[in-house]
Amino acid sequence: MSTLSPARQAARSAAGAVPGERATGRQAMRLLAASSRPLVVGVVAWTVASALAPALVVVALGAVVGAVTAAAQHGLGSADGHRLLVALGLAALVYAFSLVLEPIGTALGTAARSRITGALQGRLLAAVATPVGTGHLEDPDVLDRLARAEGGLTGFFPGDAPVTWAGALATRLSGYLGCVVVAVANWWIGLGLLVMWVLVRRIVLAAVVRQATEHRGRTTAMRRAWYFAALGSKAAAAKEIRVFGLGPWVAGRFGDEFGAAIRSGAAGLRSLHRRAAGTFLVVLAGTTAALLVIGGDARGPAGTGLTGTGLVGTGQIGTGLGLAALATLLPMLAVTMSAGTVTFDDITLAWTLAGLPDVDGLEARLAPAPMTGARDATGLPRGAIRLEGVRFRYPGQESDVLAGVDLELRAGTSTAIVGVNGAGKTTLVGLLSRLRDPGGDGPADGDPILGGGRTPDGSRTPDGSRILGGGRILVDGTDARELDPASWQRQVAMVPQAPVHYPASAYDNVAFGAPEHLDDREGVLAAAERAGFAAVVATLPAGWDTMLARELPGGVDLSGGQWQRLALARALFATRHGAGVLVLDEPTAALDVRGEADFYDRFLGITEGLTTVVISHRFSTVRRADSICVLDGGVITERGTHDELVAAGGTYARMYALQAERFA
Ligand SMILES: Nc1ncnc2c1ncn2[C@@H]1O[C@H](COP(=O)(O)OP(=O)(O)OP(=O)(O)O)[C@@H](O)[C@H]1O
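Worth saying up front: this structure is predicted, and the values here are computed from it rather than measured.

About the thresholds
- Residues numbered from 1 in each chain as written.
- Predicted model: local features only at pLDDT ≥ 70, side-chain atom pairs only at ≥ 80, totals over all residues.
- Heavy atoms only, no water.
- Helix = DSSP H or I, 4+ residues; strand = E, 2+ residues; numbered from the N terminus.
- Buried < 20%, exposed > 50% of the residue type's maximum accessible area, 1.4 Å probe, protein only.
- Contact = heavy atoms within 4.5 Å.
- Near = heavy atom within 4 Å.
- Polar contact = N/O pair within 3.5 Å; in protein donor to acceptor, adjacent residues only side chain to side chain.
- Areas by Shrake-Rupley, 256 points an atom, 1.4 Å probe, with all protein chains shown as cover.
- Nonpolar A, V, L, I, M, F, W, Y, C, P; charged D, E, K, R; others polar.
- Pairing = 2+ DSSP bridges.
- Axes fitted to C-alpha atoms, helices over the stretch in contact; angles between N-to-C directions.
- Salt bridge = Lys/Arg side-chain N within 4 Å of Asp/Glu carboxyl O.
- Core = buried A, V, L, I, M, F, W, Y, C linked by side-chain atoms within 4.5 Å.
- Phe/Tyr/Trp six-rings, centres within 6.5 Å; stacked < 30°, edge-to-face > 60°.

Draft legend 1. Focus on the overall build of the chain. A count of helices and strands for the chain gives 23 helices and ten strands. Counting only residues that meet the buried cut, the chain has 49% of its 664 residues in that class. In the chain, 72% of the contacts between residues at least 6 apart in sequence involve partners at least 24 apart.

Here it is as C-alpha cells:
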C-alpha cells in the first residue's frame, strides 16, 4: 500500500507526464482534490453546465424564431402565441443561466488557485528547507526548478490548472454537442465537422505544448533576465544604480537577456503560425461545405432535406428548410467550432502543467540523505569541538578553500580566527554550523553536499556518504554528521557578516534568535542590554514595537551599526535559550569607535560560558580571545594568545604591526 499523501501522489503522477494531450484532467483534478474535495464537485458541475450552455442557448433561440411566424399569424392569445411565449421564457432563462457561468467560473478559479498555490508553495518551502546546509540554494538546477514550479517566470501558475482544464474541457464538449445537434439534422455534416475540428485541435495544440515544454529549457536565461528586472526595481540597489548611472545598463541587460530567451523560442512560434495557417484553409473549406449544404436545403422544396427531421419547430420560410432549423443550425456551426479551437485555457493548461514536474523533482532532489545523523545535540559541546583535516572546495572551483584544517575549540573558551580576505574564515564557521559539510575529494570532485551525502546530480556514494577525505568535525568526540543537524544548528548562535533584516518589530527581530520563546520579554531586554542594542531601541518612535522596515506603516530602517548590535542581541537571546556556541563573523565591522571600544570592554561578559569563535580584521576585537588562530593557505599556520603570537614574530605579528602603526 502506498504511504504517500494524496498531495504527493497527485504531483508524482503529474510529474511523470508530458503536458498537453497527456496532461490530462486527472492530473489537474487530483491537484484540486488534494486541497479541496468540495471544490472538485463545484468544478465538475460547472464544467457540465458550461458544456451544455452554448448549444442550449442556440436551440432555445431557434425555437423562438421557429414559433414567431405562427404566433404572428394566429395572435399571442392562440396556442401558437402561447408556444412563442414559453419559448421566449425558456430562451431568457437559458441565456441568463449562461451569463452567470462566467463569474462562477472565475470564483471557482480564484478559490482553487489560492488553495493549490498555498499547498504547492508549502511543499516547495519544505523541500528547500530539507537539506542540512544551504549549498543547494546556489545550485542553478535547483533554482531553475524552483522558478518553474512557482510559475513566476512564465506567469502561468500550477494553481490555475484545474479550472483552466475544466474550462478547456467545457469548451470542447460544447463543440462536440454542437456537432451532435447538426448530426441529428444531417449526420454526415455533423460527423464531418467533428472529425475536422478534432484534427485541427490536435495539430495546433501539439505546437502549443511543444512551446511550453521548450520553455522549460530556457529557464536559466529567463532567470537571468528577471534578475536584472529585480535589480532595477528594488530599493537595495537603487542608490548605487543612480549614483553610477547604471539605469540604462540594467534596462539594456534585461532587454538583451529577455530578447535572447524569447528569440530562442521563435522556431516554436513559427511552427505554431504555420500550423494555424494550414488549418485555417481546412476550416474554411469544411465550413463552406456545411453552409452550402444547409443553404441548399433551405432553398429546396418544403418538407425535404433538413426540414424532414422535425429537429425544432415547424415554421416554414415558404419552401425548403424550416425556419427554426435554419435559425438553429447556422449559429450551431459557430458552436461546433469550440470542438477545435485551442483556447487560452488550453494554452494556460499546457504551461501550468509544464511546471508541475519541477515540484516533484525538487522534492526528490533535496530529499534527506541517509547519512544525516539523529543524535540529539542539546547541551553540546561540554568538552571540545575538534576539526580534523577539514577540507572544503566550492563547486566549480579549481582548488580547496580549506586544505586540511586542524583546530580545537575548547568548550567555554573563545577562539579568534584571523586571515586575509578570502582565506576561508567564513567558510570555516559555515562548516562548523553545518551550513555545509566538509568535502572536496568526493566523487564529483568537490561538488557541494546537498542535504549531506547527496551529490548535485542526486546520486549517492555506495556507502551513502559523500565525504571522502574531507576531514571531520568532532563534537565531544562524536562526528558532527552523526548529530541531528537541526538540533546541532540550534546549539550555534551566529552573528553573520550581513545579518538578516526581518521586516518585523524590533522586539521580534531580537526574539527570532529563539522563536519558541517569543514571550520571554525579560530575556529579550537582557540580550539587548548586553549587546548595546537597548540604547538604540530607546530612540525608536514606538520603542520595541517599532517595525524595522521602511515599507511597513510607521516602519523605520536602522543604520548598519545598529543592525549589527541587533544581530548580536539576537544571537545572545539564542544563547539564553540553549545555544552554547557563539559565532561572531566581523561583529564590529560596522560599529563606530565607541561601539568597538564598548564591544572590547564587554567581550568577556558577552562570551562568558560560551564556546566562542570570533572572526575579525580588527585586532582590538580579536586580541581579547583566549586563543587566536591564523588561517593561511587553507590551513592553520599559527596559534596562541595575542601576546604569544606577537612575540613569535610571524604572520599575526606582521599583520598586527601593520594595523597598529597606522594609529601610532
Ligand atoms: N558560495 C561560494 N561559492 C563559491 N566560492 C565561494 C563562495 N563563498 C566563498 N567563496 C570563495 O571561497 C573563498 C573563501 O571565502 P570566505 O568568505 O570563506 O573568506 P573569508 O576569509 O571569510 O574572507 P573575508 O575576510 O573577505 O570575509 C574565497 O575565495 C571566495 O571567493
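So, next bit.
Draft legend 2. Fine view of the site of the ligand. Neighbouring residues of the ligand: 15 residues in total, closest Asn421, Gly422, Lys425, Thr426 and Thr427. Gly424 is positioned such that a nitrogen or oxygen atom in its backbone is 2.9 Å from an oxygen atom of the ligand. Within the side chain of Lys425, a nitrogen or oxygen atom sits 2.7 Å from an oxygen atom of the ligand. Protein contacts shield 66% of the accessible area of the ligand, which totals 630 Å² for the unbound molecule. Here the shell around the ligand is composed, by residue class, of four nonpolar, eight polar and three charged.

Draft legend 3. Up close: the environment of Ser36. Locating Ser36 in the fold gives a position in the loop between helix 2 (25–35) and helix 3 (37–74). Residue Ser36 is classed as buried on the basis of its relative accessible area of 7%. Residues Ser36 and Ile116, spaced 80 residues apart in sequence, show a C-alpha to C-alpha distance of 8.7 Å. A distance of 3.2 Å separates a polar atom in the side chain of Ser36 from the backbone nitrogen of Leu39.

Draft legend 4. Region of interest: the sheet that holds strand 8 (residues 611–615). Taking strand neighbours across the sheet as the criterion, the six strands line up as 6-7-8-3-9-10 in an open arrangement whose pairing is mixed. Looking at which strands have only one partner, the edges of the open sheet turn out to be strand 6 (492–495) and strand 10 (635–640). Strand-to-strand twist of the sheet, defined as the mean angle between neighbouring strand axes without regard to direction, takes the value 20°. In this structure, strand 7 (residues 581–585) lies alongside strand 8, joined through five bridges in parallel fashion. Directly across from Val583, in strand 8, lies its bridge partner Val613. Along the sheet, helix 14 (residues 425–432) contacts strand 3 (414–418), strand 6, strand 7, strand 8 and strand 9 (627–632); its crossing angle with strand 8, the most-contacted strand, is approximately 155°. Helix-sheet contacts for helix 19 (residues 560–576) involve strand 6 and strand 7, and the interaxial angle to strand 6 is about 175°.

Draft legend 5. Fine view of the pattern of salt bridges. The full count for this structure, using the stated rule, is 22 salt bridges. Between Asp139 and Arg365 there is a salt bridge, with its nearest N and O atoms 2.6 Å apart. A residue pair is termed long-range when its members are at least 10 positions apart, and Asp139 in the loop between helix 4 (79–129) and helix 5 (140–150) and Arg365 in helix 13 (residues 344–365) qualify at 226 residues. Notably, a salt bridge pairs Glu388 with Arg472, separated by 2.9 Å at the nearest N-O pair. With Glu388 in strand 1 (residues 384–392) and Arg472 in strand 4 (residues 472–475), this residue pair connects regions lying 84 residues apart in the sequence. Overall, the relative accessible area of 25% leaves Glu388 in the partly exposed class. Owing to a relative accessible area of 36%, Arg472 belongs among the partly exposed residues under this scheme.

Draft legend 6. Looking closely at unusual backbone geometry. In this structure, Pro381 follows Leu380 across a cis peptide bond, with omega equal to 0°. Positive phi is not limited to glycine here, since Arg434 has a value of about 60°. Relative to the helices and strands, Arg434 is located in the loop between helix 14 and strand 4. One non-glycine residue with positive phi stands out, namely Glu586, at about 55°. In this fold, Glu586 is placed in the loop between strand 7 and helix 20 (593–607).

Draft legend 7. Fine view of the side chain of Ser50. Inspection of the secondary structure assignment puts Ser50 in helix 3. Here Trp46 takes part through its backbone oxygen, which lies 2.8 Å from a polar atom of the side chain of Ser50.

Draft legend 8. Representation of the nonpolar core in the model. The biggest cluster of nonpolar side chains holds 46 residues, and the ones touching the most others in it are Phe533 and Trp544. Not counting residues up to four positions away in its chain, the partners in contact with Trp544 are Ser505, Ala506, Tyr507, Val510, Arg521, Val524, Leu525, Ala528, Phe533 and Val537. Ranked by size, the runner-up nonpolar core spans 32 residues in total, among them Ile116, Ala127, Val142 and Ala149.

Draft legend 9. Inspection of the packing of aromatic side chains at higher detail. Under the definition given, this model contains 14 aromatic pairs. Geometrically, the ring pair formed by Tyr227 and Phe228 is edge-to-face, given 5.1 Å between the ring centres and 70° between the ring planes. On the basis of an interplanar angle of 65° and a centroid distance of 5.2 Å, the ring pair of Phe619 and Tyr652 is categorised as edge-to-face. In this pair, Phe619 sits in helix 21 (residues 619–622) while Tyr652 sits in helix 23 (residues 651–663), placing the two residues 33 residues apart along the sequence. Comparing Phe619 with Tyr652 shows no difference in burial state: the two are buried. One aromatic cluster in this structure is built from Trp226, Phe254 and Phe258.

Draft legend 10. View of the environment of Leu101. One can find Leu101 in helix 4. Looking at Leu101, the relative accessible area reads 8%, which means it is buried. Along the sequence, Leu101 and Ser50 sit 51 residues apart, while their C-alpha atoms lie 6.7 Å from each other. Discounting chain neighbours no more than four positions away, the residues touching Leu101 are Trp46, Ala49, Ser50 and Ala53.

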